[in-house]
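For reference, the chains in residue letters:
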Amino acid sequence: MTEIPYSGIREIFSECNRLERNGEDIVHLEIGRPDFDTPSPIKQAAKSAIDEGHVHYTSNYGIQPLRDRISAKFETDSGISYDPEDEIIVTAGASEAVFVSIMSMVDPGTEVLIPDPCWTYAPTVRAAGGTPVRYPLDPESGFQPNIEVLDSLINDDTSLLILNSPHNPTGSVIDDDHLRAVRDLVVENDLIAVSDEIYEKIIYGGAKHRSLASLDGMYERTITINGVSKAYSMTGWRVGYLGAPKALADEILRMRQYTTTCAPSISQYAALRALEGDLFEPLVEAFADRRALVCERIEDVPGMTAPTPEGAIYVYPTVPEPSTDGREFVWSLLHDTGVALVPGDVFGSNSSRVRIAYSNSLDRINTAFDRIEAWVENQ
Ligand code: PMP
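Draft legend 1. Here's a closer look at the site of the ligand. Surveying the vicinity of the ligand reveals 13 residues, the closest of which are Ala-94, Ser-95, Asp-196, Tyr-199 and Arg-238. Within the contact set of the ligand, an oxygen atom lies 2.5 Å away from a side-chain nitrogen or oxygen of Ser-95. Taking Asp-196, its side chain carries an N or O atom lying 2.6 Å from a nitrogen atom of the ligand. In the complex, 93% of the free accessible area of the ligand, which totals 400 Å², lies under the protein chains.

This is the structure in structure tokens:
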């Protein structure tokens, strides 16, 4: 456990709670979750599941109709054929899919390539006895992976590469050239890949999402992770899923039998309803408006710059002048103005950036930036 730190975001949460208890008005731009209610047809499906008595353990793989639906979705959206019998595993959130994938694929002493910056893969890699090795995403290229550096980090101990697109915390979407270059390295070096595609549906403008497993040579060596938390605003329902070739899915399922057994039965019926339609569209439209506003407001803050995010619900700008340190800036801003962000170094090595989650209304985003501008003027 000495290798496993407390989550850096938790520190900010706790401080926000304390300040709110003291009556302060906090603008939350630190939370990585949609603030909308879950669409009502999905809630109805859950109510029916309760009334129909779907209240027991399910198969470790998940309920069959949901696996059939996920398999069809992979086929239509990504062009990947996963057998709904034994190549799809429904999990308690994408978090559990990430956890069981890493725990079952990483041997002690091996190295796992993770993006710099990225979401919290590193603690699980450490829990599995592996060493996380970070490959840089370059701000100059809109946070695409630096392929040359990535190549130089691979050695005989490397076992796994984790990719996340659309990306938390930068909002980048990997382009086809970089995706192919990653594929080439994974295949040449005989690695396994975990592709975390949880923000797949939250994508803007002309950006296109492509699944790593759909590229030649990748199906047999890729675990594709997705879920309903983000696109359908269902973070509390705890349903995610993964697709993997049978040889890998068998091993992951074994690990999975000793974690949560199955995702909540009622939530699985709700997820089935979610994946039957386009219920994510209004939510994505609302995020597109927020993204536009955040980008516009960032431009007016001296020293704050960021590549325009093409997906997810985050932007990862540099700190405003005269600040140079993300952590100092975040804590001063929180205490002086009540605006909550996350220091960039929570996600990796960059200490001069911050993550802004636009999981709040246009009004509150404007309030946050009014306060940030006033704070900068007072420095
Ligand atoms: N992957 C990424 C990149 C995430 O940002 C998150 C949630 N913040 C997850 C996985 C986990 O999502 P879930 O709620 O489905 O567990």
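Draft legend 2. Local environment of a negative patch on the surface. Taken together, the side chains of Asp-278, Glu-281, Glu-285 and Asp-289 present a region of like negative charge at the surface. Position of Asp-278 among the secondary structure elements: in the loop between α9 (265–274) and α10 (281–299).

Draft legend 3. Region of the structure containing the packing of helix α1 (residues 8–21) against helix α11 (residues 326–337). At a minimum axis distance of 11 Å, the contact between α1 and α11 shows a crossing angle of 15 degrees. Regarding the angle of α1 to α11, the classification is roughly parallel. Of the two possible hands of crossing, α1 and α11 adopt the one that is right-handed. In contact with Glu-11, Ile-12, Glu-15, Cys-16, Arg-18 and Leu-19 of α1, α11 contributes Arg-327, Val-330, Trp-331, Leu-334 and His-335.

Draft legend 4. Main features of the sheet that holds strand β10 (residues 314–315). In spatial order, the strands read β10-β13-β12; together these three strands make up an open sheet with antiparallel pairing. Among the strands making up the open sheet, the edge pair consists of β10 and β12 (342–343). Looking at chain direction, β12 and strand β13 (residues 354–357) are connected through two bridges and run antiparallel. Paired with Val-342 across the bridge in β13 is Arg-355.

Each value, and the rule that gives it
Residues numbered from 1 in each chain as written. Predicted model: local features only at pLDDT ≥ 70, side-chain atom pairs only at ≥ 80, totals over all residues. Heavy atoms only, no water. Near = heavy atom within 4 Å. Polar contact = N/O pair within 3.5 Å; in protein donor to acceptor, adjacent residues only side chain to side chain. Areas by Shrake-Rupley, 256 points an atom, 1.4 Å probe, with all protein chains shown as cover. Patch = residues over 30% accessible without salt bridge, like charges linked within 9 Å, V, L, I, M, F, W, Y side chains within 5 Å. Salt bridge = Lys/Arg side-chain N within 4 Å of Asp/Glu carboxyl O. Lys, Arg positive; Asp, Glu negative; His and termini not counted. Charge placed at Lys NZ, Arg CZ, Asp CG, Glu CD. Helix = DSSP H or I, 4+ residues; strand = E, 2+ residues; numbered from the N terminus. Axes fitted to C-alpha atoms, helices over the stretch in contact; angles between N-to-C directions. Parallel < 35°, antiparallel > 145°, perpendicular 65-115°, else oblique. Left-handed = near helix turned anticlockwise from the far one by under 90°. Contact = heavy atoms within 4.5 Å. Pairing = 2+ DSSP bridges.

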